[in-house]
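Below, each chain spelled out in residue letters.
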Amino acid sequence: DTGVSQNPRHKITKRGQNVTFRCDPISEHNRLYWYRQTLGQGPEFLTYFQNEAQLEKSRLLSDRFSAERPKGSFSTLEIQRTEQGDSAMYLCASSLGRRGLETQYFGPGTRLLVL
Amino acid sequence: GQSLEQPSEVTAVEGAIVQINCTYQTSGFYGLSWYQQHDGGAPTFLSYNGLDGLEETGRFSSFLSRSDSYGYLLLQELQMKDSASYFCAQGPDRGSTLGRLYFGRGTQLTVWP
């Protein structure tokens, strides 16, 4: 399978715990995005990497959130001291990075439930 | 930020044609994309309009008019499996190296037999 993969697919945690999600993009894609989606809403942008550089962070990304893409391949998104409001689907997407053509291909997502 | 408006729900019967509209307020972007998402699934890319006009991909077509700040997705010969949420997404922004997309809230399409 050469699509975007994400692990785990589901995560249930207690409030206050830390969680980490992993995204493996399509291999030749330079750009990697994290989005968050809640019920009845479209995906909302969180952050974006061009290779290993994190170029943009949304205001939605509080200090408790951190994302890395250390070698320009896979990426991790960590949430510290989780809150119930963090419950959502976390989606990763990747794209080739060709200017003006940004078809983003999404992974299956990690559904987080904070109790 | 960008604001994209879509109808929240659309219903149709098998074999029919349905059009899902998307209006926006902010210009200065490269294109309008459409994604399909089944319950519990990931958004799947359907179509992209970088230029004004119609793009056809099998049973799905998409249209963009920048002068009217408007686009639509046209689904023909509807099938039960087309029941899903459909999102329009605007971006990336021109003059920016950033690639973020701005999504609408989605339109829930229900296809009846």
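Below, the structure is looked at part by part.

1. Quick notes on the overall build of chain A
Within chain A one finds zero helices and eleven strands. Mapped in sequence order, the helices and strands of chain A form the string β-β-β-β-β-β-β-β-β-β-β. Relative to its length of 115 residues, chain A is compact, with a C-alpha radius of gyration of 13 Å against a globular reference of 13 Å. Seen through its C-alpha atoms, chain A measures out along the principal axes to roughly 40 × 25 × 25 Å. Within chain A, the proportion of its 115 residues that are buried is 47%. Residue pairs in contact within chain A that sit at least 24 positions apart in sequence constitute 54% of those at least 6 positions apart. In the structure as shown, chain A presents an accessible area of about 5,900 Å², 45% of it carried by carbon and sulfur atoms. Between the mean site of the 16 positive side-chain charges and the mean site of the 12 negative ones, chain A shows a separation of 3 Å.

2. Quick notes on the state of the cysteines
In total, this model carries two disulfides over all chains according to the counting rule given. Note that A:Cys23 is cross-linked by a disulfide to A:Cys92, the S-S spacing being 1.8 Å. Handedness of the A:Cys23-A:Cys92 disulfide follows from its S-S torsion of about -65 degrees: it is left-handed. Taken together, the residues A:Cys23 in strand 3 (residues 19-24) and A:Cys92 in strand 9 (residues 88-95) connect sequence positions 69 residues apart. Given a relative accessible area of 0%, A:Cys92 falls into the buried group. Here B:Cys22 pairs with B:Cys88 through a disulfide, and the sulfurs are 2.1 Å apart. In this structure, the disulfide formed by B:Cys22 and B:Cys88 twists by about 70 degrees around the S-S bond and is classed as right-handed. Of this pair, B:Cys22 sits in strand 3 (residues 18-24) while B:Cys88 sits in strand 9 (residues 84-90), placing them 66 residues apart in sequence.

3. Looking at the interface of chain B and chain A
Opposite the 19 residues of chain B that make contact, chain A presents 25 residues. Roughly 1,900 Å² of surface becomes buried between chain B and chain A when both sides are summed, with 54% attributable to carbon and sulfur atoms. At the boundary of chain B with chain A, the tally comes to one salt bridge. Notably, a salt bridge pairs B:Arg100 with A:Glu56, separated by 2.6 Å at the nearest N-O pair. If you list the elements that add at least two residues to the side of chain B that touches chain A, you get strand 4 (32-37) and strand 5 (44-49) of chain B. When grouped by side-chain class, the residues that make up the side of chain B that touches chain A number eleven nonpolar, six polar and two charged.

4. Description of a nonpolar patch on the surface
The grouping of A:Ile12, A:Leu113 and A:Leu115 at the surface amounts to a nonpolar patch, some 300 Å² of accessible area in total. Within the secondary structure layout, A:Leu115 lies in the segment after strand 11 (110-114).

5. Here's the deal with the environment of A:Ala88
All names here are of chain A. On the secondary structure map, Ala 88 appears in strand 9. Here the alpha-carbon distance between Ala 88 and Pro 43, two residues 45 residues apart in the chain, equals 10 Å. Each residue touching Ala 88, except ones within four places of it in the same chain, is listed here: Arg 36, Gln 37, Thr 38, Thr 110, Arg 111 and Leu 112.

Cut-off values and rules
Residues numbered from 1 in each chain as written. Chains lettered and ligands numbered in written order. Predicted model: local features only at pLDDT ≥ 70, side-chain atom pairs only at ≥ 80, totals over all residues. Heavy atoms only, no water. Helix = DSSP H or I, 4+ residues; strand = E, 2+ residues; numbered from the N terminus. Rg over C-alpha atoms; globule rule 2.2 N^0.38 Å. Buried < 20%, exposed > 50% of the residue type's maximum accessible area, 1.4 Å probe, protein only. Contact = heavy atoms within 4.5 Å. Areas by Shrake-Rupley, 256 points an atom, 1.4 Å probe, with all protein chains shown as cover. Lys, Arg positive; Asp, Glu negative; His and termini not counted. Charge placed at Lys NZ, Arg CZ, Asp CG, Glu CD. Disulfide = S-S within 2.5 Å. Buried area = accessible area lost by both parts, 1.4 Å probe. Salt bridge = Lys/Arg side-chain N within 4 Å of Asp/Glu carboxyl O. Nonpolar A, V, L, I, M, F, W, Y, C, P; charged D, E, K, R; others polar. Patch = residues over 30% accessible without salt bridge, like charges linked within 9 Å, V, L, I, M, F, W, Y side chains within 5 Å.

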